[in-house]
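Fold and contact review
So the chains spell out like this:
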Amino acid sequence: MAIDRRREAGGGGRPLPEENGSVPGAGGGGAAAPPGPPAAGSAGAEIQAVPVPSPPAAACSPLLLDYDGSVLPFLGGLGGRYQRALVLLTWVPALFIGFSKFSDSFLLDQPDFWCREADGQGNWSVSLAPGHSNRSDNGSIFPLPGLPTPAGGNASECDCHEWHYRIRAGLVQNVVSKWDLVCDSAWKVHIAKFSLLVGLIFGHLITGCIADWVGRRPVLLFSVIFILIFGLTVALSVNVTMFSTLRFFEGFCLAGIVLSLYALRIELCPPGHRFMITMAASFIEMAGQFLMPGLAALCRDWQVLQAIIICPFLLMLLYWVIFPESLRWLMATQQFEASKELILQFTHKNRMNTESDIKGVVPELEKEITRRPKKVCIVKVVGTRNLWKNILVLCVNSLTGYGIHHCFAKSMMGHEAKMAITHNFYADYYTMAGIALASCLAMCPVVGFLGRRGGLLLFMILTALASLLQLGLLNLIGKYSQLPDSGMSDSVKDKFSTAFSIVGMFSSHAVGSLSVFFCAEITPTVIRGGGLGLVLASAGFGRLTAPIMELHNQKGYFLHHVIFACCTLICIICILLLPESKNQNLPENIPDGEHYTRQPLLPHKKGEQPLLLTNSELKDYSGLHDSAAVSDGISENTTANGMKSM
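Below is a short write-up of the structure. All residue numbers here refer to positions counted from 1 along the written sequence of the relevant chain. Confidence filtering applies because this is a predicted model: local features only for residues at pLDDT of at least 70, side-chain atom pairs given and counted only at 80 or more, and all residues used for totals across whole chains, interfaces and linings. Water and hydrogen atoms were dropped before computing side-chain values, which therefore reflect all heavy atoms in the structure.

A few words now on the pattern of salt bridges. Each reported salt bridge corresponds to a side-chain nitrogen of Lys or Arg within 4 Å of a carboxyl oxygen of Asp or Glu. Tallying each qualifying case throughout the model produces 10 salt bridges. The residue Arg328 makes a salt bridge to Glu588 at a minimum N-O spacing of 2.9 Å. Within this pair, whereas Arg328 is found in helix 14 (residues 327–332), its partner Glu588 is found in the loop between helix 21 (557–575) and helix 22 (590–594), the two being separated by 260 residues in sequence. For Arg328, a relative accessible area of 0% puts it in the buried group. Where salt bridges share partners, they join Asp212, Arg216, Glu267 and Arg528 into one cluster. To qualify as a helix, a DSSP run of H or I must reach at least 4 residues; to qualify as a strand, a run of E must reach at least 2; elements of each kind are numbered from the N terminus. Categorising residues by exposure relies on relative accessible area from a 1.4 Å probe, with only protein chains included: less than 20% of the type maximum marks a residue as buried, more than 50% marks it as exposed, and the intermediate range marks it as partly exposed.

Shown next, in the form of structure tokens:
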């Protein structure tokens, strides 16, 4: 009877193959053969088998896909000695990364310069008398005390055969003084700054996709090898073109190190420790920023400084032996054979008893060990409904945060030009570093209390307020200061501008950093590298606006600030659409990332019915129709939910 029903369902009395693939023959109970020529060499007309698509592979065990709930507790979380050692190994390179990221401030700093003129006997003029110079906007000093003022304007001032430099960044010689990148060649300095940032952008995009396909560990190790090659070759550059080209590849490799370490750090931690461990790495990176001036003062020469910055990466070659692949990524991509070996390595290092596997992780792993790996590319996110929107919102947030940060920095330094602090390179440098440190310190309690989405929203509101007040209120103050008896002066405007700039730099730095971390949490493990690459590349585009504005001599600065101020308002609305990932398990695959729901910003009151469902309240009805169609044991008068039909 079951075969007859299947024939009728097939249509036209056409026989269907049995489960073992055989087809009833001509003498098998009166089965009619379909029209068609008989097979050659057969005694009678044989019926050709009709191909039927194989049933879909059984879903993977949910126990293995619940990494934070089953696998990580089995390994001891962060209580294991091996896990703590791996987290420490992800922290140590952050110091070297800090050196490399802020090296441009020293290698490409624009020094004070003037022309060394010879008298009739071939003797060169005396050096600069400090404290009495007239410093122009481009860093040059014209004229020197006791020297004749050259006639003819800027063209005659730049008509010089030999320059004398005074470098403020603690070096005796840097890239600018090495190849005389002043006057008509000053634009090459900005191109050299472009090269590192553009290399970082392309590196984040490409290495992120590679990390999702081949793993985090190979990307990390190969990036270390090539940054040693390109970074040390930078110190041997013979001209600025070679320097800029090699800096591009150095930035590309540095991006691979940053991205792979970030992903490894996130994937090692349980939900309650992810943020603080990430912030600890940020503090170590800022320690490199604070130590950089002392390192430059010790090296004295830019080539020695470049070599000293790159040489510590030699220690990371040992990671080939001591650092494993991300177990979470192996489990998410269903590479269960490699996962089993790594789990045994974890248990051996932590001196754990494998017989205490209460949840049965290892037995379930052995059942699925023959399953083929399932790797995913970031392109798959285009077909999702919610995930691509979340990543796009965070990309715009990081772009806006790092882009408007330069607007505030330029505004503050521009108004400080009337103060003596501008002539002190270290005061400017440590002011910027101190604001970044204060921003990271403030992020810890704010994100701990308000969560990821609430903290990001608060810092974005502060950024928007600082930007709008600086653009609108200061213009109003400027108009009133022109009126007689107004009681306002330019000094009042400068103080307000400095205050708004400090608040804006403080909050915009937090917006950029928190957007990257937020993206790492809501992006599934199978595409976390690609998602991180997108948001880090967006942050790189934001940083790229600084040398672009400098290259155009700050033309269009006001419009640049207005555009980013409008973006902050758009971002405030879009942040409300993001889910909250605080104390949530990391999504392992794309369906998990889609199940992140937008929760209310404030928790609902006791006894109040929430308007939005949480993850635990979602139900999956995808198997209802499949179970009703496959089950032959259910009678025809029984519905899918088990109730008798009337």
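Right, let's get into the packing of helix 11 (residues 274–299) against helix 12 (residues 302–310). Two elements in contact, helix 11 and helix 12, have axes whose closest approach is 8 Å; the angle formed by their N-to-C orientations is 130 degrees. On the basis of their axis angle, the class for helix 11 and helix 12 is oblique. The chirality of how helix 11 crosses helix 12 is right-handed. Touching Met292, Leu295, Ala296 and Cys299 of helix 11 are Val304, Leu305, Ile308 and Ile309, all from helix 12. Helix axes are fitted only over the stretch in contact, all axes being lines through C-alpha atoms; the angle between N-to-C directions runs from 0 to 180 degrees. Comment on the angle field: the value is read as roughly parallel under 35 degrees, roughly antiparallel over 145, roughly perpendicular from 65 to 115, and oblique elsewhere. The crossing is said to be left-handed when, going from far helix to near helix, the turn is anticlockwise and less than a right angle, and right-handed when the turn is clockwise. Residue contacts are defined here by distance: any two heavy atoms, one from each residue, within 4.5 Å place the two residues in contact.

What counts as a ring pair is set by centres within 6.5 Å for rings of Phe, Tyr and Trp (its six-membered ring), and what kind of pair is set by the plane angle: stacked under 30 degrees, edge-to-face over 60, tilted for all other angles. Per the counting criterion, the structure on display carries 19 aromatic pairs. Ring centres of Trp179 and Phe243 lie 6.5 Å apart, and the angle between their planes is 55 degrees; on these two criteria the pair is classed as tilted. Taken as a pair, Trp179 in the loop between helix 7 (175–178) and helix 8 (187–214) and Phe243 in helix 10 (residues 240–268) lie far apart in primary sequence, 64 residues in all. For Trp179, a relative accessible area of 19% puts it in the buried group. In this structure Phe243 comes out as buried when scored by relative accessible area, which is 0%.

Take the pairing of strand 1 (residues 112–115) next. Side chains Asp112 and Trp114 project from strand 1 onto one buried face, and the interleaved Phe113 and Cys115 project onto a second face that is buried too. By definition, two strands form a pair when at least two bridges between them are found by DSSP. Pairing between strand 1 and strand 2 (residues 163–166): 4 bridges, direction antiparallel. The residue bridging Phe113 from the neighbouring strand is Tyr165, located in strand 2.

For our purposes a nonpolar core is just a set of buried Ala, Val, Leu, Ile, Met, Phe, Trp, Tyr and Cys residues, chained together by side-chain atoms within 4.5 Å. Phe106, Phe243, Ile257 and Leu305 are the most contacted members of the largest nonpolar core, which has 82 residues in total. Of all hydrophobic cores here, the second largest spans 49 residues; its members include Val446, Leu457, Val511 and Val516.

Quick look at helix 10 now. Each helix should span, by expectation, one fewer than its residue count multiplied by 1.5 Å. Under the 1.5 Å per step criterion, the end-to-end length of helix 10 is 42 Å for 29 residues, consistent within 8% with the ideal 42 Å. Across the 29 residues that make up helix 10, a large majority, 23, are buried. Two N or O atoms count as a polar contact when they lie within 3.5 Å, although within protein this holds only if one can serve as hydrogen donor and the other as acceptor, and sequence-adjacent residues are included solely when both atoms are side-chain atoms. Measuring from the side-chain oxygen of the N-cap residue of helix 10 to the backbone nitrogen of Thr241 gives 3.3 Å; that N-cap residue is Asn239.

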